[in-house]
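Here is what each chain is made of, one letter per residue.
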Amino acid sequence: MRLVYYLPSLEASGGLERIITFKANYFAEQGNEVTIITSELGDRKPYFPLSPQVRHIDLGVAFDYPYSQSRLIKLLKYPFRYHRFRKRFAKVLRELRPDITISTLRRELNFINKLDDGSIKIGEFHVTRYAYGAEALKSGNPLLKWLKAQWNKKFVRNLSQLKRVVLLTHEEAGFWSELTNLSIIPNPIITPLNMVSDGKAKRVIAVGRYAPQKGFDMLIDSWALVAQKYPDWTLHIYGDGFLRAELQEQIERLGLTEKCRLEHTVNNIADKYGESSIFVLSSRYEGFGMVITEAMGCGVPPVSFACPCGPRDIIKNGINGLLAENGNTEDLAEKIGNLIKDEEKRQEMGQQAYADAQKYKMENISEQWEELCQSITKKD
């Protein structure tokens, strides 16, 4: 098949860029013609390497770059940039004539259903409605509430016109009762997993950006409770981000310097999973939570807040991991403690987690994508 993906840029090290690059590389190496269209990468290099078999086209329309430009300048230039973006996007699709165009539901969603390139249009939703766009606006301002409602109506209307909207979890599907064109395909495990934990190390691991979404402030509060009962265990949080200094101050204030360590992002994160006995996800929300399946793929049982969306789809509570009440730091600490004090239970859950993670391997996820593509391109 001829497949086209669109996302604004490939420069960042985020989850969207990572998963699109991985899938594009995989599908291209399986013999498909895959193109990634970006709009504002320019002459900067993608963060994640593209396969030589993946074609990349940048439209040269920078809405946000350089990031130092003022909001006023962006606002004044937006109409011109948007017109040029739409024109160039349509021209490239007409030239490529793909079978399927996959939108990541950004600015292109406003016009992609009207393009006459002949391709079937589907969307990939990589976040949760719980915290997406106008749905994340929290304000008592009547005007903002009205704008939020109008934006949401337009967004849902555009989604409904796509052939399919692909969501990552069944839980997320429950937030979109207005739509009848939903498919559910989870993210694959994209980290090479070469090491399986034996569950004996007195080490707990968490992974993610040092940003509010990941809830590491709540995790550190929970760990203060855990450390009181199990002082010989340590927590290692791998990531980078603007909250590092603030989180480090919290660790020092709680007297956890020797028991909770902020680590930098590493290339061999699978090895770090394998060196750990428990994985913790403390996010306030997720689109899916690939770090959960990665940890499980290394035989590490997860303990997670039951946040929207992802953990409840992945974790079978009490079987391959544990779910704590969303945002309840005491419950999270208790669930971590339950696995710390019971090595046999920890190892059994780790073995089950490893077994259950196999369904998230790319070869299994790709079958679901193949079935979807065949079903929507099938001639009546």
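In case you missed it, the structure is sitting above this.
Residues numbered from 1 in each chain as written. Predicted model: local features only at pLDDT ≥ 70, side-chain atom pairs only at ≥ 80, totals over all residues. Heavy atoms only, no water.

Concerning the sheet that holds strand S8 (residues 203–207)
Taken together, 6 strands build an open sheet; the order of strands is S10-S9-S8-S11-S12-S13 and the sheet is parallel. Every other strand in the sheet has two partners, leaving strand S10 (260–263) and strand S13 (322–324) as the edge strands with one partner each. Ignoring which end each strand starts from, the neighbouring axes of this sheet average 20 degrees apart. Here strand S9 (residues 234–238) runs beside S10; their pairing, made up of 4 bridges, is parallel. When the sheet's bridge partners are listed, Tyr-238 is paired in S10 with Glu-263. Along the sheet, helix H5 (residues 216–229) makes contact with S8, S9, S10, strand S11 (278–281) and strand S12 (302–305), crossing S9 at roughly 170 degrees. (Pairing = 2+ DSSP bridges. Helix = DSSP H or I, 4+ residues; strand = E, 2+ residues; numbered from the N terminus. Axes fitted to C-alpha atoms, helices over the stretch in contact; angles between N-to-C directions. Contact = heavy atoms within 4.5 Å.)

A few points about the packing of aromatic side chains
Tallied over the full model, the rule gives 19 aromatic pairs. Here Trp-151 and Phe-155 contribute two aromatic rings whose centre-to-centre distance is 4.8 Å and whose plane-to-plane angle is 15 degrees, an arrangement assigned as stacked. Residue Trp-151 and its partner Phe-155 are located together in helix H3 (residues 142–160), separated by 4 residues, close to a single helical turn. Phe-155 sits in the buried class, given a relative accessible area of 6%. Taken together, the ring pairs connect Tyr-6, Phe-63, Tyr-78, Tyr-82, Phe-85, Phe-89 and Phe-111 into an aromatic cluster. Residue placement shows Arg-44 over the ring face of Tyr-65; its charged tip is 3.6 Å from the ring centre. (Phe/Tyr/Trp six-rings, centres within 6.5 Å; stacked < 30°, edge-to-face > 60°. Buried < 20%, exposed > 50% of the residue type's maximum accessible area, 1.4 Å probe, protein only. Lys NZ or Arg CZ within 6 Å of the ring centre and 35° of its normal.)

A few points about H5
Compared with an ideal rise of 1.5 Å per residue, which puts 14 residues at 20 Å, H5 spans 20 Å between its outermost C-alpha atoms and is within 8% of the ideal. Of the positions making up H5, those classed as buried are Phe-216, Met-218, Leu-219, Ile-220, Ser-222, Trp-223, Ala-224, Val-226 and Ala-227. (Expected span 1.5 Å × (residues − 1).)

Points about the nonpolar core
Judged by nonpolar contacts, the single largest core of 86 residues is most densely connected at Leu-219, Trp-223, Ile-237, Tyr-273, Phe-279 and Ile-336. A total of 8 residues in this core trace back to one element, the largest contributor, which is H5. Beyond its immediate sequence surroundings of up to four residues, Ile-237 is in contact with Ala-206, Tyr-210, Phe-216, Leu-219, Ile-220, Cys-260, Arg-261, Leu-262 and Glu-263. Phe-85, Phe-111, Val-156 and Leu-167 belong to the second-largest nonpolar core, a separate cluster that totals 29 residues. (Core = buried A, V, L, I, M, F, W, Y, C linked by side-chain atoms within 4.5 Å.)

A closer look at the side chain of Ser-277
Mapped onto the elements of the fold, Ser-277 is located in the loop between helix H7 (269–274) and S11. Engagement of the side chain of Ser-277 in a polar contact is seen with the backbone oxygen of Gly-199, the distance being 3.3 Å. Residues contacting Ser-277, with those up to four places away along its chain left out, are Ser-197, Gly-199, Lys-200, Ala-201, Arg-203, Trp-233, Val-300, Pro-301 and Arg-346. (Polar contact = N/O pair within 3.5 Å; in protein donor to acceptor, adjacent residues only side chain to side chain.)

Focus on the pattern of salt bridges
In a structure, side chains of opposite charge can pair up when their charged atoms sit close to one another. Overall, the coordinates contain 20 salt bridges when judged by the stated rule. A salt bridge links Glu-95 to Lys-91; its shortest N-O distance comes to 2.6 Å. Of this pair, Glu-95 and Lys-91 both sit in helix H2 (residues 71–96), 4 residues apart, roughly one helical turn. Look at Glu-95 and you get exposed, because its relative accessible area is 52%. Between Lys-335 and Asp-331 there is a salt bridge, with its nearest N and O atoms 2.7 Å apart. In this pair, Lys-335 and Asp-331 both sit in helix H10 (residues 329–341), 4 residues apart, roughly one turn of the helix. Comparing Lys-335 with Asp-331 shows no difference in burial state: the two are buried. Put simply, Asp-64, Lys-74 and Arg-107 are held in one network by salt bridges that share partners. (Salt bridge = Lys/Arg side-chain N within 4 Å of Asp/Glu carboxyl O.)

Digging into a negative patch on the surface
A surface patch of negative charge is lined by Glu-363, Glu-367, Glu-370 and Glu-371. Looking at the secondary structure, you find Glu-363 in helix H12 (residues 362–377). (Patch = residues over 30% accessible without salt bridge, like charges linked within 9 Å, V, L, I, M, F, W, Y side chains within 5 Å. Areas by Shrake-Rupley, 256 points an atom, 1.4 Å probe, with all protein chains shown as cover. Lys, Arg positive; Asp, Glu negative; His and termini not counted. Charge placed at Lys NZ, Arg CZ, Asp CG, Glu CD.)

Some points on the packing of H5 against helix H6 (residues 244–253)
The contact between H5 and H6 brings their axes to 10 Å, and the two run at 15 degrees. Taken together, the axes of H5 and H6 lie roughly parallel to each other. The element H5 and its partner H6 pack so that their crossing is right-handed. For the pair H5 and H6, contact is made by Phe-216, Asp-217, Ile-220 and Asp-221 and by Leu-247, Gln-250 and Ile-251, respectively. Residues that form the contact of H5 with H6 fall into these classes: 4 nonpolar, 1 polar and 2 charged. (Parallel < 35°, antiparallel > 145°, perpendicular 65-115°, else oblique. Left-handed = near helix turned anticlockwise from the far one by under 90°. Nonpolar A, V, L, I, M, F, W, Y, C, P; charged D, E, K, R; others polar.)

Examining H12
The end-to-end C-alpha separation of H12 is 22 Å, in line with the 22 Å expected for 16 residues at 1.5 Å each. Buried within H12 we find Met-362, Ile-365, Ser-366, Trp-369, Leu-372, Cys-373 and Ile-376. What you see down the axis of H12 is that its buried residues fit within an arc of 120 degrees, all on one side. Elements in contact with the buried residues of H12: helix H1 (15–29), strand S4 (100–103), strand S5 (120–124), strand S6 (164–167) and strand S7 (182–184). (Arc of directions from axis to C-beta.)

Things to note about the packing of helix H8 (residues 290–297) against helix H11 (residues 343–357)
Between H8 and H11, the shortest axis-to-axis distance is 7 Å and the interhelical angle comes to 115 degrees. Relative to H11, the element H8 lies roughly perpendicular. Our pair here, H8 against H11, has a crossing hand that is left-handed. For the pair H8 and H11, contact is made by Thr-293, Met-296 and Gly-297 and by Ala-353, Tyr-354, Asp-356 and Ala-357, respectively. Counted by class, the contact of H8 with H11 contains 4 nonpolar, 2 polar and 1 charged residues.

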